[in-house]
Amino acid sequence: MGAVLPSLLLILAGLLVGGVVSLHRQGAARSVVVVTGLLALLATAGGVLWLIPEVTS
């Protein structure tokens, strides 16, 4: 299950980026586009950071 969660986060990020593009094309309010973009950024960062191995001393 270790590789499933970051993969799901990255999939979610891709869906959110598609949502941002779609919302922008439809002329949605800027705040909605920005919030959706921030959620996409957080999902991407979470997925990538989860894949970085922990440094053990």
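Scroll up for the structure.
The present account deals with the structure reproduced in this document. Residue numbers restart at each chain and count upward from 1, following the sequence in its written direction. Since the coordinates come from a predicted model, pLDDT governs what is reported: local features require at least 70, and pairs of side-chain atoms require 80 or more to be given and counted, while whole-chain, interface and lining totals use all residues. The basis for every side-chain value is the complete set of non-hydrogen atoms in the structure, without hydrogens or water.

**Side note on helix 2 (residues 30–51)**
Right, so step 1: Under the DSSP-based scheme used, a helix requires at least four consecutive residues in state H or I and a strand at least two consecutive residues in state E, with every element numbered from the N terminus. By this rule, a helix spans an expected 1.5 Å times one less than how many residues it contains. When the terminal C-alpha atoms of helix 2 are compared, their 32 Å separation across 22 residues agrees well with the 32 Å that a helix rising 1.5 Å per residue should span.
Right, so step 2: For the exposure calls, accessible area comes from a 1.4 Å probe over protein chains only, and a residue counts as buried if that area is under 20% of its type's maximum, exposed if over 50%, partly exposed in between. Taken as a whole, helix 2 has its buried residues at V33, T36, A40, A43 and G47. Along the axis of helix 2, the buried positions cluster into a sector of 90 degrees, meaning they face one direction only. Structural note: helix 2 exposes R30, S31, L41, L42 and L49 on the side pointing more than 90 degrees away from its buried face.
Right, so step 3: Working rule for contacts: check all heavy atoms of both residues, and any pair within 4.5 Å makes them a contact. At its buried positions, helix 2 is contacted by helix 1 (4–25). Directions pointing from the helix axis toward each C-beta atom define the arc.

**Concerning a nonpolar patch on the surface**
Right, so step 1: Each patch is assembled from residues with relative accessible area greater than 30% and no salt bridge, linking like charges that lie within 9 Å and nonpolar side chains (Val, Leu, Ile, Met, Phe, Trp, Tyr) that lie within 5 Å. Values of accessible area rely on a 1.4 Å probe in the Shrake-Rupley scheme; residue burial ignores everything except the protein chains shown. Each reported salt bridge corresponds to a side-chain nitrogen of Lys or Arg within 4 Å of a carboxyl oxygen of Asp or Glu. A surface patch of nonpolar side chains, about 460 Å² in accessible area, is lined by L10, V48, L49, L51 and I52.
Right, so step 2: By residue number, the principal contributor to the nonpolar patch is helix 2, which donates three residues.
Right, so step 3: Within the fold, I52 resides in the segment after helix 2.

**Brief notes about the packing of helix 1 against helix 2**
Right, so step 1: As a packed pair, helix 1 and helix 2 sit with axes 8 Å apart at the nearest point and diverge in direction by 160 degrees. Judged on the interaxial angle alone, helix 2 and helix 1 are roughly antiparallel. Crossing angle aside, the handedness with which helix 1 passes helix 2 is left-handed.
Right, so step 2: The nonpolar class holds Ala, Val, Leu, Ile, Met, Phe, Trp, Tyr, Cys and Pro. Asp, Glu, Lys and Arg form the charged class, and all remaining residues, Gly among them, are polar. Grouping the constituent residues of the contact of helix 1 with helix 2 by class yields 18 nonpolar, six polar and no charged. Here an axis means a line fitted to C-alpha atoms, over the contact stretch when the element is a helix, while the angle between two N-to-C directions is reported on a 0 to 180 degree scale. Should an angle fall under 35 degrees it is called roughly parallel, over 145 degrees roughly antiparallel, and 65 to 115 degrees roughly perpendicular, with every other angle called oblique. Take the far helix as the reference: if the near one is turned anticlockwise from it by less than a right angle, the crossing is left-handed, and if turned clockwise, right-handed.

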